[in-house]
Amino acid sequence: MDTEVTEVVERKTPLYDTHVKYKGKIVPFAGYLLPVQYDTGVIGEHMAVRTRCGLFDVSHMGEIICKGKDALKNLNMLLTNDYTVMAEGQARYSPMCNEEGGVVDDLIVYKVRDDCYFIVVNASNKDKDYAWMKAHQSGDVVFEDISDRVAQLALQGPKAMDVLKKVAKEEEIPDKYYTCRFDCMIGDVRCIISKTGYTGEDGVEIYMAPEDAPGMWELLMDNGREEGLIPCGLGARDTLRLEASMPLYGHEMDDSISPKEAGLGIFVKMDKEDFIGKKALEEKGPLTRKRVGLKVTGRGIIREHQPVYIGDRQIGMTTSGTHCPYLGYPAAMALVDIGYKEPGTAVEVEVRGRRVAAEVVKLPFYKR
């Protein structure tokens with residue numbers, strides 16, 4: 001009997017050869033081959049971003065254009081946040097819900113002009129998100145997946161803007177958080193510069209044509225030497241976002257966790273006329289569980305999917321956890337029963353058959 005073996009082909013970003021040159025340790029992630037770390041190591045990269053600056057390849061992220069006379073109407077129906085009053089060049093974060101009020105994905109929308117929006121989605125959800133948008137579109141609107149035509153770099157850290165000012169005109173650099181400038185030049189590369197990031201630090205995300213990415217990487221690295229700029233991988237990206245308490249799809253939220261449970265209620269505009277999932281969120285009533293921070297007070301490191309206890313009663317489950325290099329202690333995020341969300345609540349987390357003491361703390365763990 002013949003058995004068919006389906007080979008999983010991992011894709012390469014335009015910077016694959018650059019990562020090899022810089023001695024990146026390559027691993028498969030979200031269908032791509034990406035560096036998990038470089039010679040400096042995860043902790044060194046993490047500390048560089050907190051104290052100086054780091055450069056990340058995030059070209060695996062997905063980009064979708066939404067355009068047409070009914071573009072705004074479609075965004076407001078698809079997303080829980082409200083996009084009605086928005087300036088050109090402004091960015092706005094939002095969860096995107098299913099009919100049951102769970103999260104399909106979380107994403108960022110940039111307004112290009114009244115009838116055109118640039119949407120950035122999570123790498124592992126790109127195809128799912130695009131299909132969801134297409135399945136729920138209405139009226140005069142076109143959704144176009146342009147991910148293969150876009151590369152993305154993230155320059156992050158307290159010295160990031162000093163590096164950027166060496167290679168870009170000051171008037172082309174966005175000054176406010178969650179704004180961007182379209183049609184900018186860095187060196188001789190045309191790009192979008194966005195004052196956003198996933199590290200809890202100052203910095204930008206830069207979008208450009210794939211063929212321009214290797215040159216952009218080298219330009220930034222060359223100009224960032226004095227500021228201590230180093231290349232950073234997926235490992236530091238994850239420890240930085242956790243330390244800054246930024247939720248990650250598939251961990252703090254998924255198709256069965258509502259944005260309100262994930263602590264994203266501020267991005268859910270229930271006074272909007274309608275959006276997919278609104279009725280379900282109304283019918284759910286008051287929250288019964290909530291995302292919280294846990295600081296380890298005992299010995300051990302908490303990871304994801306570990307049960308949280310008070311005495312014999314399981315009150316929840318961790319969603320992400322690691323040692324926080326800059327803060328110097330292990331921490332985790334967890335989804336717990338609403339009665340135990342108050343800071344100071346003592347809990348235990350079961351780690352490989354033994355209990356590790358922790359306490360509920362206010363999020364974020366780290367704030368710049």
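Residues numbered from 1 in each chain as written. Predicted model: local features only at pLDDT ≥ 70, side-chain atom pairs only at ≥ 80, totals over all residues. Heavy atoms only, no water.

Draft legend 1. The arrangement of the sheet that holds strand β19 (residues 346-351) in detail. If you walk around this closed barrel you meet the 6 strands as β15-β18-β17-β16-β19-β20, and the pairing is antiparallel. Across the sheet, the mean angle separating the axes of adjacent strands is 45° when strand polarity is ignored. Sitting on the sheet, helix α7 (residues 234-243) touches β17 (313-324) and β18 (329-337), and the angle it makes with β17 is about 125°. (Pairing = 2+ DSSP bridges. Helix = DSSP H or I, 4+ residues; strand = E, 2+ residues; numbered from the N terminus. Axes fitted to C-alpha atoms, helices over the stretch in contact; angles between N-to-C directions. Contact = heavy atoms within 4.5 Å.)

Draft legend 2. Examining the environment of F267 more closely. Relative to the assigned elements, F267 resides in the loop between α7 and α8 (278-284). Looking at F267, the relative accessible area reads 25%, which means it is partly exposed. Note: C-alpha distance between F267 and T80 (187 residues apart in sequence) is 6.5 Å. (Buried < 20%, exposed > 50% of the residue type's maximum accessible area, 1.4 Å probe, protein only.)

Draft legend 3. Quick look at the pairing of strand β8 (residues 116-121). Across the 6 residues that make up β8, a large majority, 6, are buried. Pairing geometry for strand β5 (residues 62-67) and β8, over 6 bridges, is antiparallel. Paired with C66 across the strands is Y117, a residue of β8. One ladder, built from 5 bridges, connects strand β7 (residues 103-113) with β8; its direction is antiparallel. Bridge pairing in β8 places V109 opposite I119. In textbook terms, the turn of a hairpin is the stretch between consecutive antiparallel strands, and for β7 and β8 this stretch comprises 2 residues.

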